[in-house]
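One letter stands for each residue in the lines below.
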Amino acid sequence: MIQRIQTIYLFFAALVSGVLIWIVEHYIDGEGNEFVGMDSGLYYGIFVSSAVLSLIAIFLFKNRQLQTVVNRLNLLLNLFILGVYVYQSLMMSGETAVSEKGIGMFIPILSIVLIVLANKAIRKDEQLVKSADRLR
């Protein structure tokens, strides 16, 4: 059902992926240039697709297995963007100068945690339905 706890987790994951890229800075390079997620088409596309996948998963509440598959795809997408962030922060030019990693680099981690919590709640619902079917 749509009023379950996994809906709240998925809504917050969509909110984190879709809104926070506009607000928080991801990093400041050695020259003082501030980078926000919407500055790059790659980051913007991945974050928006992650938010869309979270919203799609909300409305797949009747098919829990498909909802779990969509969430796993979203997890892979967020792990990819996290890997890109780690790679880019390690290969950032001017690293000997002062560069700062912003709070925006934690957006994929927060989204991953919320999606894992949603998958756990979906699994719990599936076990509840199976146990009710055994009682019939």
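Conventions used here
Residues numbered from 1 in each chain as written. Predicted model: local features only at pLDDT ≥ 70, side-chain atom pairs only at ≥ 80, totals over all residues. Heavy atoms only, no water. Helix = DSSP H or I, 4+ residues; strand = E, 2+ residues; numbered from the N terminus. Buried < 20%, exposed > 50% of the residue type's maximum accessible area, 1.4 Å probe, protein only. Contact = heavy atoms within 4.5 Å. Areas by Shrake-Rupley, 256 points an atom, 1.4 Å probe, with all protein chains shown as cover. Core = buried A, V, L, I, M, F, W, Y, C linked by side-chain atoms within 4.5 Å. Phe/Tyr/Trp six-rings, centres within 6.5 Å; stacked < 30°, edge-to-face > 60°.

An unreviewed UniProt entry annotates the protein chain as Transcription termination factor Rho originating from Nonlabens dokdonensis.

Colleague: Hey, could you go over the overall build of the protein chain for me, with residue numbers and the actual values?
Modeller: Scanning the protein chain from N- to C-terminus turns up four helices and three strands. For the protein chain, the N- to C-terminal ordering of α and β elements is α-β-β-α-α-β-α. Counting all 136 residues of the protein chain, 40% fall into the buried class. Of all intrachain contacts in the protein chain linking residues separated by at least 6 positions in sequence, the fraction that spans at least 24 positions is 72%. Looking at the protein chain as shown, the accessible area adds up to about 8100 Å², and 68% of this sits on carbon and sulfur atoms.

Colleague: Can you lay out the nonpolar core for me, pointing to particular residues and giving the numbers?
Modeller: Where a protein is soluble and globular, its nonpolar side chains tend to be buried together. Ranked by size, the top nonpolar core spans 16 residues in total, and within it Tyr43, Phe47, Ile81, Tyr85 and Ile107 carry the most contacts. Taken together, the elements giving at least two residues each to this core come down to α1 (5–23), α2 (41–58), α3 (64–90) and α4 (107–135). In terms of residue count, the dominant contributor to this core is α3 (five residues).

Colleague: Which residues make up the packing of aromatic side chains, and what values go with them?
Modeller: One pass over the structure, following the stated rule, counts one aromatic pair. When the centroid spacing of 6.1 Å and the interplanar angle of 50° are considered together, the rings of Phe11 and Phe12 count as tilted. For Phe11, a relative accessible area of 43% translates into the label partly exposed. On the accessibility criterion, Phe12 (40% relative accessible area) is partly exposed.

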